[in-house]
Amino acid sequence: MLSKIPKYTKIGGKADEYIHELVSKIVDEIRIRIPNVISIILMGGFGRGEGIVEKKNNSFRPINDFDFYIITNKVLDDEFLEKTAREISHKLGFGGVAHAEGFEKKRYNFRDYFHIDIRCLEERKLKNLPPLIRYYEMKKCGLVVYGKNSLKNFPDITTKDLTLSDGLRAFMNRMMLMLISIKPEWIKNNSKMSEEEVMVLHYYLAKGLFTCVENLLLISGDFEPTYWGRAEKFQKIYSRKFPEVAKKYPKLPQLVNEYLDYKKTMKIPKKDSIDAWFEVQDVMRYLFRVSLSFLTKKRAPENILEQYYFMKKELAYPYFKPYASFILKRYYMDNELFNWLLSRAAMSYLSLKYSYRMNYLHKTSKFKYVGLNDPGMRILAIMPLIFFGINKDGSHDTRLTNLAMKELKKVYSVKKVRTWEEAKTQYLIAQRSYFLMRFV
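The rules behind the values
- Residues numbered from 1 in each chain as written.
- Predicted model: local features only at pLDDT ≥ 70, side-chain atom pairs only at ≥ 80, totals over all residues.
- Heavy atoms only, no water.
- Helix = DSSP H or I, 4+ residues; strand = E, 2+ residues; numbered from the N terminus.
- Rg over C-alpha atoms; globule rule 2.2 N^0.38 Å.
- Buried < 20%, exposed > 50% of the residue type's maximum accessible area, 1.4 Å probe, protein only.
- Contact = heavy atoms within 4.5 Å.
- Areas by Shrake-Rupley, 256 points an atom, 1.4 Å probe, with all protein chains shown as cover.
- Lys, Arg positive; Asp, Glu negative; His and termini not counted.
- Charge placed at Lys NZ, Arg CZ, Asp CG, Glu CD.
- Pairing = 2+ DSSP bridges.
- Axes fitted to C-alpha atoms, helices over the stretch in contact; angles between N-to-C directions.
- Expected span 1.5 Å × (residues − 1).
- Patch = residues over 30% accessible without salt bridge, like charges linked within 9 Å, V, L, I, M, F, W, Y side chains within 5 Å.
- Salt bridge = Lys/Arg side-chain N within 4 Å of Asp/Glu carboxyl O.
- Polar contact = N/O pair within 3.5 Å; in protein donor to acceptor, adjacent residues only side chain to side chain.

Undergrad: Help me understand the overall build of the chain, please; the structure alone is not making it clear to me.
TA: The helix and strand inventory of the chain stands at 19 helices and six strands. The C-alpha atoms of the chain give 21 Å as radius of gyration, which agrees with the globular expectation for 440 residues (22 Å, within 12%). Projecting the C-alpha coordinates of the chain onto the three principal axes gives extents of approximately 55 × 55 × 50 Å. Going through the 440 residues of the chain one by one, you find that 58% of them count as buried. At a minimum sequence separation of 6, the contacts of the chain that also span at least 24 residues come to 69%. Accessible area for the chain stands at about 20300 Å²; split by element, carbon and sulfur atoms hold 50% of it. Looking at charge distribution, the chain has the averaged site of its 76 positive side-chain charges lying 3 Å from that of its 50 negative ones.

In structure tokens, the structure reads:
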């Protein structure tokens, strides 16, 4: 274990001491349960030194979850890792449930929904890790809190290696979190929200804004491994490299910096929470289309219904191609034909994996969803239909929700819905079923 207290937060001092105590306890618990662990790496906000804590009555509580990667000789079962993480969370006095895993059960509070995430990588495979943002961040600023420095074995991923596929996946994740944070009843009367629900709404708005920034930096090749680094770089290049976006949203850098301050202090911004939600929704609507256009190399439609059919037709291959190309380069087979074949094989494999997961979760046929297309691509394409289907007055666009439920039925067992909230819940449960499969 580390002998010197690292910088876990932007606050520093007592906050870092508090987080260090928690990290030390988690490391001890992991070592007890996984005695042959080679190294334990803290990533995410606390690993980057940007972790978020709230100070209240001379005490602290973590807002960021703890994200750990453990390095072992053999990959450990996901269920074992999830069970281990939940047990450790409970031992530390936290609920241990991720918001995405339990949003429909009860109202949000930070303690019940605070959790630890533990993932596993095989030591022998580290040098061949794909060029994902998470591995780029870990290599650049992950924190080894126990064992050997396995980060030395990570590949030297550059900003040019990072893909818009990864950025678009992050967009989906942030839209999911923002959907969780809003309810039509709150739109009509935000006094029904608890203080912690307001806090988490703004926390997820910050994540949504930073994802917009991240995607623009991926497009321009200026990506940075930390939030503060990204914000600084974004401010420098925004008007010069994205003049059309800057003309439409001239105050975007200022808004990003306001939410950076929020992440540091956790003092709720002095603005109407619902207005703020729809302000970020508007920015994401525009920049999601920009990212989609760059990834597919085709102009994505502005109309959300047309955009859905565009994604359904055009997205799958450009989304998978960078990953197929990464694998094929090692065998000197990186050409269009083999990229297409490997991408299609990957989609078929994921349909099989998803079908088995649905059999485990819902007792459907093991092969019900097996096919040549990845169910995740359909689920991903449906997200904007739900996310942009809610209006500022609390009403919703039934054309979007009806299409979303019709299409979702093809990859999930959907119940009849009457309201946007019901459609949102059905969609998020389906999305969780797919995207909480641990691919990396």
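Next, the rest of the story.
Undergrad: Is there a simple way to explain the sheet that holds strand β1 (residues 39-43) in this structure?
TA: Sheet strands associate in pairs through backbone hydrogen bonding, adopting either a parallel or an antiparallel arrangement. Strand order in the open sheet made by the four strands is β5-β4-β1-β6, with mixed pairing throughout. Of all strands in the sheet, those with a lone pairing partner are β5 (116-122) and β6 (143-147), marking the two edges. For this sheet the average axis-to-axis angle between neighbouring strands, irrespective of direction, equals 25°. Taken together, the seven bridges between strand β4 (residues 66-72) and β5 define a ladder with parallel strand orientation. In the strand pairing of β5, Phe66 is matched with Ile116. Helix-sheet contacts for helix α1 (residues 14-33) involve β1, β4, β5 and β6, and the interaxial angle to β4 is about 35°.

Undergrad: Would you mind going over helix α12 (residues 252-265) with me for this structure?
TA: An α-helical turn contains 3.6 residues, so a residue and the one three or four places further along point in the same direction. Between its terminal C-alpha atoms α12 stretches 20 Å, which fits the 20 Å expected from 14 residues at 1.5 Å a residue. Considered for burial, the residues of α12 that qualify are Leu252, Pro253, Leu255, Val256, Tyr259, Leu260, Tyr262 and Lys263. Of the surrounding secondary structure, the elements contacted by the buried residues of α12 are α9 (195-220), α10 (227-241) and α13 (273-296).

Undergrad: It is not clear to me how a nonpolar patch on the surface should be interpreted in this structure. Could you clarify?
TA: A cluster of nonpolar side chains, namely Leu337, Phe338, Trp340 and Leu341, defines an oily patch on the protein surface of about 380 Å² accessible area. Residue classification places Leu337 among the exposed residues on the basis of a relative accessible area of 53%.

Undergrad: How should I be thinking about the environment of Lys410 in this particular structure?
TA: Looking at the secondary structure, you find Lys410 in the loop between α18 (398-408) and α19 (420-435). Assessed through its relative accessible area of 43%, Lys410 is described here as partly exposed. Separated by 32 residues in sequence, Lys410 and Arg378 have C-alpha atoms that sit 8.9 Å apart. Ignoring anything within four residues of it in the chain, the contact list for Lys410 reads Lys312, Tyr369 and Arg378. Engagement of the side chain of Lys410 in a polar contact is seen with the side chain of Glu407, the distance being 3.0 Å.

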